[in-house]
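Architecture at a glance
Spelled out, the chains give:
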Amino acid sequence: MAPRGGAPRLVLLFSGKRKSGKDFVTEALQSRHRRQTVARSTGSGISRLRLRSRLATFELGADVCAVLRLSGPLKEQYAQRLLDASAYKEAYRRDMILWGEAQRQADPGFFCRKVVEGVCQPVWLVSDTRRLSDVQWFREAYGSVTQTVRVVASEQSRQQRGWAFTPGVDDGESECGLDNFGDFDWVVENDGDEQRLEEQLGNLIGFVRSRL
């Protein structure tokens, strides 16, 4: 059962391949106060500053919207230093994934319960949904307020952002678990077309506001 500190009005479960821009999209939706701090994103292919300036009138803000990362509790449980050491994280990513899979097999909702503890904002953006069991847990816990969002980008775009195929990672469940999910409620195309992305995020934010 989910911790019920405050039942959300909307839960958006974001998924997508590595370097598709999941974090960029969720941050663009939420972050009003930080839009002036980073001039350019290496993970999106477009300027964060320009996009956030255009979306400023639409953004939700951290008081309304919480960005939740299922990988956060995993990294904390595996080793605290993985949260801040990128090189170390990449070197031990495969071992961390295997350890996390063992935890999920024993308790599929383990990391989901951890990530929602104490969250009080009415809108939750889960930025790294990777498995069918994640979707099932949120749907069972929060019902019809749960919707799925798929962030997609071509391999060429992902490679330009630094992605390279890694055996044991890119062909594992953490990357492929939702490949055959079916119809997502929302699909966000993030191939570097700034205007197209702006339109998609504007539509998504409009939907979010309709649920508040």
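See the structure above.
What this report covers is the structure whose coordinates are included nearby. (Residues numbered from 1 in each chain as written. Predicted model: local features only at pLDDT ≥ 70, side-chain atom pairs only at ≥ 80, totals over all residues. Heavy atoms only, no water.)

**Concerning unusual backbone geometry**
A negative phi angle characterises most non-glycine residues, just as the trans form characterises most peptide bonds. Positive phi values are uncommon outside glycine, yet K19 reaches one of about 65 degrees. Under the relative-accessibility criterion, K19 is labelled partly exposed at 37%. (Buried < 20%, exposed > 50% of the residue type's maximum accessible area, 1.4 Å probe, protein only.)

**Describing the nonpolar core**
If you look at the biggest cluster of nonpolar residues, it comprises 22 residues, and the most contacted ones within it are L12, F14, V25, L29, L125, V188 and L201. Mapped onto this core, the elements with two or more residues apiece are β1 (10-15), α1 (22-30), β2 (65-68), β3 (123-126), β4 (146-152) and α9 (194-210). The leading source of residues in this core is α9, at six residues. The next biggest cluster of nonpolar side chains, apart from the first, holds 20 residues, and it includes A66, V115, A141 and Y142. (Core = buried A, V, L, I, M, F, W, Y, C linked by side-chain atoms within 4.5 Å. Helix = DSSP H or I, 4+ residues; strand = E, 2+ residues; numbered from the N terminus.)

**Quick look at the packing of α1 against α9**
Interaxial distance between α1 and α9 falls to 11 Å at its minimum, and their mutual angle equals 55 degrees. On the basis of their axis angle, the class for α1 and α9 is oblique. For the pair α1 and α9, the sense of crossing is right-handed. On α9, the residues touching F24, V25, A28 and L29 of α1 are L197, L201, L204 and I205. (Axes fitted to C-alpha atoms, helices over the stretch in contact; angles between N-to-C directions. Parallel < 35°, antiparallel > 145°, perpendicular 65-115°, else oblique. Left-handed = near helix turned anticlockwise from the far one by under 90°. Contact = heavy atoms within 4.5 Å.)

**Looking at the packing of aromatic side chains**
Throughout the structure, instances matching the rule amount to seven aromatic pairs. Between W186 and F207, the aromatic rings sit 5.2 Å apart at their centres with planes inclined by 50 degrees, giving tilted as the arrangement. Of this pair, W186 sits in strand β5 (residues 186-189) while F207 sits in helix α9, and the two are 21 residues apart along the sequence. Classification of F207 by relative accessible area gives buried; the value is 16%. The rings of W124, W137, F138 and Y142 are connected pair by pair, giving a single aromatic cluster. (Phe/Tyr/Trp six-rings, centres within 6.5 Å; stacked < 30°, edge-to-face > 60°.)

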